[in-house]
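Analysis of the macromolecular model
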Amino acid sequence: MIPFIDLSLQQRRIRSQLEAAMLRVLDHGGYIMGPEVYELERQLSAFCGARHTLSCSNGTDAIALIMRAKNVGPGDAVFVPSFTFAATAEVVAWMGATVVFVDVLQNTFNIDPTSLEKGIQKAKRLGLRPCGVIPVDLYGQAADYDAIGAIADEHGLWVIADAAQSFGGTYKGRNIGTLAESTTTSFYPSKPLGAYGDAGAIFTENEELLNILHSLRVHGQGEDKYENIRIGINGRCDTLQAAILIEKLSIFPDEISLRQQVANRYSEGLGDLVITPFIERNCLSAWAQYTIKVDPEKRTEIMEGLKAEGIPTMIHYAIPLHHQKAYSHYPTATGTLPVSESLAHCVLSLPMHAYLEPQLQDHIINCLRNVVTQLGAKKAA
Ligand SMILES: Cc1ncc(COP(=O)(O)O)c(C=O)c1O
C-alpha cells in the first residue's frame, strides 16, 4: 500500500537540518519555552503577517484557550459547522456552552452564511446568548470570512477562524492567520505544516487577548511563575517541536506550491470523471486534503477497488457532528443540515502530499478512472 501522506520524503529533504536543530536543543537543554519557541512565533508572524503569534500545545487547545479568554460558558451559543473534525465542537462543549450546528456549502464544504443566520435565530428562540462563530477552513480552503464577518458584526459575535487545515493558504489575496480577530492552527504531523508530535498556534491582532492567552497557556500565571491569577492549562509548545517547525517552515512556501501542482494534476486528470474540488477565485488552498465527490452508492466499491491496487483513500468525514453520539443533543440551525448530511456520503480523499511523484499520481488517476468507469459511477456530463 502506498502511504496516504508520505512524510518520509520531506524528512529526507531536510534530514540534516532537522538533526542539527534537535541537537541544538539537546545542547542548550531548554526543553520548555526554549529560544526556539519564541523564534518560531516570530517567524510564523512574519510568514503570515499576523500581528501576534502564540504557539501552543495543539490545535484543539488553541481554540479552547481563546474561548477561555473570552469567558465562554453556560448559556452561550457558539456556531460551528457540522461538517468538520470533532475538535471544533468539542472545545465549545468543554466550556459548558451550547454548540449550535450550522450547515455548509455544497461547493466549498465551508460554513454557509445563510445557515449561520438561521442558527443565530434558532439560538435566540432557545433562550441562548449568541456569542461567537468558529468557521473551519475545510481541506485547506478558507471559509468566506467577508460574509461571515458581516453577519458576526451585525449580531455582535466574535470569530475564531479554525485554520487547522488551511495555514499557508490565502483568501482574496490575504493570508490565513489575518482574516479574523483570532485564528488557530494545528501542527499535527499530517497537516500541511506539521511537527513530529502535537503542536499548534494562535494568531491574533488583539494585544489584550494575547496577554490573557499568555497567562492561560501556563496555568493562568501572573507576573510570577507561582502566582495564579486565572484558571489556565498546560498549553505550551515543546521546544523540540518548535525547533522542528522552524526547519519545516523554511521549505513551506515551496511545499505549498508543490501541493498546488499535485492538486492541479488531479483536477486535470479527474475533472471529467468525478466532482473535483472547487476553489474560489483569488483563494489559494493549502491542500490539507484533495477531496472529490463520488456516487454515494458506489463509494465503498470505489475505495475497495483502489485498495486492491494498493491505493489508500479516506473519508473526511463519514458522520456529520450533529449525528455523532456525543453531539446529537445539541441544536441545529434547521431541522436537518442537508448539505452536511449528503457530503458525508459522497466525499472521498485521495493521497495528497507535496512529494507525490507525477508517475505515481498518474497511476492513482488511472486506477481511479478504471474503477469508476467499470462501476458505471462516472459523474453525469
Ligand atoms: C478542523 C480541525 N480543527 C481542529 C483540529 C485539532 O487540531 P489538533 O489535532 O492539533 O488538536 C483539527 C485536527 O485535525 C482539525 O482538522
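Our structure is the block above this text.
Residues numbered from 1 in each chain as written. Predicted model: local features only at pLDDT ≥ 70, side-chain atom pairs only at ≥ 80, totals over all residues. Heavy atoms only, no water.

Moving on to the overall build of the protein. Within the protein, the secondary structure is distributed over 12 helices and 11 strands. Against the globule reference of 21 Å for 381 residues, the protein gives a C-alpha radius of gyration of 21 Å, in line with a compact fold. Counting the 381 residues in the protein, one finds 57% classified as buried. Within the protein, contacts between residues separated by at least 24 positions form 74% of all contacts whose residues are at least 6 apart in sequence. Working note: accessible area of the protein is about 15900 Å², and carbon and sulfur atoms make up 51% of it. Looking at charge distribution, the protein has the averaged site of its 32 positive side-chain charges lying 3 Å from that of its 41 negative ones. (Helix = DSSP H or I, 4+ residues; strand = E, 2+ residues; numbered from the N terminus. Rg over C-alpha atoms; globule rule 2.2 N^0.38 Å. Buried < 20%, exposed > 50% of the residue type's maximum accessible area, 1.4 Å probe, protein only. Contact = heavy atoms within 4.5 Å. Areas by Shrake-Rupley, 256 points an atom, 1.4 Å probe, with all protein chains shown as cover. Lys, Arg positive; Asp, Glu negative; His and termini not counted. Charge placed at Lys NZ, Arg CZ, Asp CG, Glu CD.)

Turning next to the packing of helix H3 (residues 59-69) against helix H4 (residues 87-94). Relative placement of two packed helices is described by the angle separating their axes and the distance separating the axes. As a packed pair, H3 and H4 sit with axes 9 Å apart at the nearest point and diverge in direction by 35 degrees. As for the relative orientation of H3 and H4, their crossing is right-handed in sense. Judged by residue contacts, Thr-60, Asp-61, Ile-63, Ala-64 and Met-67 of H3 engage Ala-87, Thr-88, Glu-90, Val-91, Val-92 and Trp-94 from H4. Residue composition of the contact of H3 with H4, grouped by class: seven nonpolar, two polar and two charged. (Axes fitted to C-alpha atoms, helices over the stretch in contact; angles between N-to-C directions. Left-handed = near helix turned anticlockwise from the far one by under 90°. Nonpolar A, V, L, I, M, F, W, Y, C, P; charged D, E, K, R; others polar.)

The seven strands lie next to each other as S1-S9-S8-S5-S4-S2-S3, forming an open sheet whose pairing is mixed. Lying at the two open borders of the sheet, with one neighbouring strand each, are strand S1 (52-56) and strand S3 (98-102). Within this sheet the neighbouring strands show an average axis-to-axis angle of 30 degrees, counted without direction. Bridge count between S1 and strand S9 (residues 200-204): five bridges; the pairing is antiparallel. (Pairing = 2+ DSSP bridges.)

Right, let's get into a nonpolar patch on the surface. A contiguous nonpolar patch, built from Leu-23, Leu-26, Tyr-31 and Ile-32 and spanning about 410 Å² of accessible area, is present on the exposed surface. Along the chain, Ile-32 falls in the loop between helix H1 (8-28) and helix H2 (35-48). (Patch = residues over 30% accessible without salt bridge, like charges linked within 9 Å, V, L, I, M, F, W, Y side chains within 5 Å. Salt bridge = Lys/Arg side-chain N within 4 Å of Asp/Glu carboxyl O.)

The biggest cluster of nonpolar side chains holds 33 residues, and the ones touching the most others in it are Met-67, Phe-101 and Ile-134. For this core, the elements supplying multiple residues, two or more each, are S1, H3, strand S2 (76-81), H4, S3, strand S5 (158-162) and helix H7 (207-217). Of the residues forming this core, the biggest block, seven residues, is contributed by H3. Counting only domains with at least three residues in this core, you end up with domain 1 (8-250) and domain 2 (252-374). (Core = buried A, V, L, I, M, F, W, Y, C linked by side-chain atoms within 4.5 Å. Domains from an automatic or database assignment.)

Another point: the site of the ligand. The full set close to the ligand counts 13 residues, and Gly-59, Thr-60, Asp-162, Ser-186 and Lys-191 are the nearest of them. Asp-162 is positioned such that a nitrogen or oxygen atom in its side chain is 2.7 Å from a nitrogen atom of the ligand. Between an oxygen atom of the ligand and a side-chain N or O atom of Gln-165, the distance comes to 2.9 Å. Notes on the ligand: free accessible area 390 Å², of which the protein chains cover 92%. (Near = heavy atom within 4 Å. Polar contact = N/O pair within 3.5 Å; in protein donor to acceptor, adjacent residues only side chain to side chain.)

Attention shifts here to the environment of Ala-69. Topologically, Ala-69 is positioned in helix H3. Distance in space between the C-alpha atoms of Ala-69 and Ala-333 is 26 Å, their sequence separation being 264 residues. Here Ala-69 is in contact with Leu-209, Ile-212, Leu-213 and Leu-216, once residues within four sequence places are set aside.

Honestly, that's just the spatial picture; any functional story needs more than this.
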